[in-house]
Amino acid sequence: MDLYQALDDICLLPETSRRRLREISNLRSFHKGYILMKAGRVETFLYFIKKGIVRAYSCQQDTEITFWFGKEGEAVLSMRSYVEDKGGYENIELLEACDLYEIRLADLRRLFGEDIHIANWGRRFAEKELIKTEERLISRQFRTASERYQSLLKDDPGLLQRVQLGYIASFLGITRVSLSRIRAEVR
């Protein structure tokens, strides 16, 4: 996915503002399994996925809990670092080799002060990330595992072809055995 398309999916920008964002971005390639962000570390970059898939997770005792997946066109960031310059809660692992547009947060914040269109884009970006987080939280609290799985099938069926079932089970908040049972029932 092109950077301009990812930016426009958040909020349409005048061409001059789009170019300014493009000027502070770099295309980077990373290998599968690379840990892009680490919990507790203040992250200084925001990424948009051109190609590939990532997962955000945390380690609790001997268990990894997957929070979300990101794929082409989506942002990858530590929201806590983005907003508060504090260490994030999550680790970000690349599940495939990825091409990522990288933007230094300091450069982005400078543009927020110089260009009202980019500042409004940044506000809209934060709002959309908040809504995604809220939707994940509400889904976990009020839907059964089977409902969450069926929603995943409906909203993002390709994810099941690209992500290990163990990560899908962790994301759904269930064991692999429970996921196998739910998958058998849905077929």
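Structural data are supplied above this passage.
Residues numbered from 1 in each chain as written. Predicted model: local features only at pLDDT ≥ 70, side-chain atom pairs only at ≥ 80, totals over all residues. Heavy atoms only, no water.

1. Here's the deal with the pattern of salt bridges
Right, so step 1: Considering all chains together, one arrives at 21 salt bridges under this definition.
Right, so step 2: We note a salt bridge from E129 to K132, for which the minimum N-O separation is 3.0 Å. One end of the pair is E129 and the other is K132, both in helix α5 (residues 116–142) and 3 residues apart, which spans about a single turn.
Right, so step 3: Residue classification places E129 among the buried positions, given a relative accessible area of 14%.
Right, so step 4: On the basis of relative accessible area, K132 is assigned to the partly exposed category, the value being 30%.
Right, so step 5: In the salt-bridge network here, residues are joined through shared partners; they are D8, E15, R18 and R19. (Salt bridge = Lys/Arg side-chain N within 4 Å of Asp/Glu carboxyl O. Helix = DSSP H or I, 4+ residues; strand = E, 2+ residues; numbered from the N terminus. Buried < 20%, exposed > 50% of the residue type's maximum accessible area, 1.4 Å probe, protein only.)

2. Comments concerning the sheet that holds strand β7 (residues 91–94)
Right, so step 1: Overall, antiparallel pairing links the 4 strands, which are arranged β2-β7-β4-β5 in an open sheet. Of all strands in the sheet, those with a lone pairing partner are β2 (35–37) and β5 (63–71), marking the two edges. Strand-to-strand, the axes of this sheet are offset by a mean angle of 35°, without reference to chain direction.
Right, so step 2: One ladder, built from 4 bridges, connects strand β4 (residues 53–60) with β7; its direction is antiparallel. In the sheet register, V54 faces β7, and the bridge partner there is L94.
Right, so step 3: The strands touched by helix α8 (residues 165–172) within the sheet are β4, β5 and β7, with β5 carrying the most contacts at an inclination of about 100°. (Pairing = 2+ DSSP bridges. Axes fitted to C-alpha atoms, helices over the stretch in contact; angles between N-to-C directions. Contact = heavy atoms within 4.5 Å.)

3. What about the environment of R104?
Right, so step 1: You can see R104 is positioned in strand β8 (residues 98–104).
Right, so step 2: Aside from chain neighbours lying at most four places away, what touches R104 is I24, T44 and F45.

4. Structural notes on the packing of aromatic side chains
Right, so step 1: Applying the stated criterion across every chain, the model contains 8 aromatic pairs.
Right, so step 2: An angle of 5° between the planes, with centres 5.5 Å apart, marks the rings of W121 and F125 as stacked. Linking W121 with F125, this pair stays in helix α5, spanning 4 residues, or about one helical turn.
Right, so step 3: Accessibility expressed as a relative area gives 0% for W121, which makes it buried.
Right, so step 4: Using a relative accessible area of 1% as the deciding quantity, one classes F125 as buried.
Right, so step 5: Linked through ring pairs, F30, Y34, F45 and Y47 together constitute an aromatic cluster.
Right, so step 6: For R55, the ring lying beneath its charged end belongs to Y57, and the centroid distance is 3.9 Å. (Phe/Tyr/Trp six-rings, centres within 6.5 Å; stacked < 30°, edge-to-face > 60°. Lys NZ or Arg CZ within 6 Å of the ring centre and 35° of its normal.)

Read these as geometric descriptors, not functional statements.
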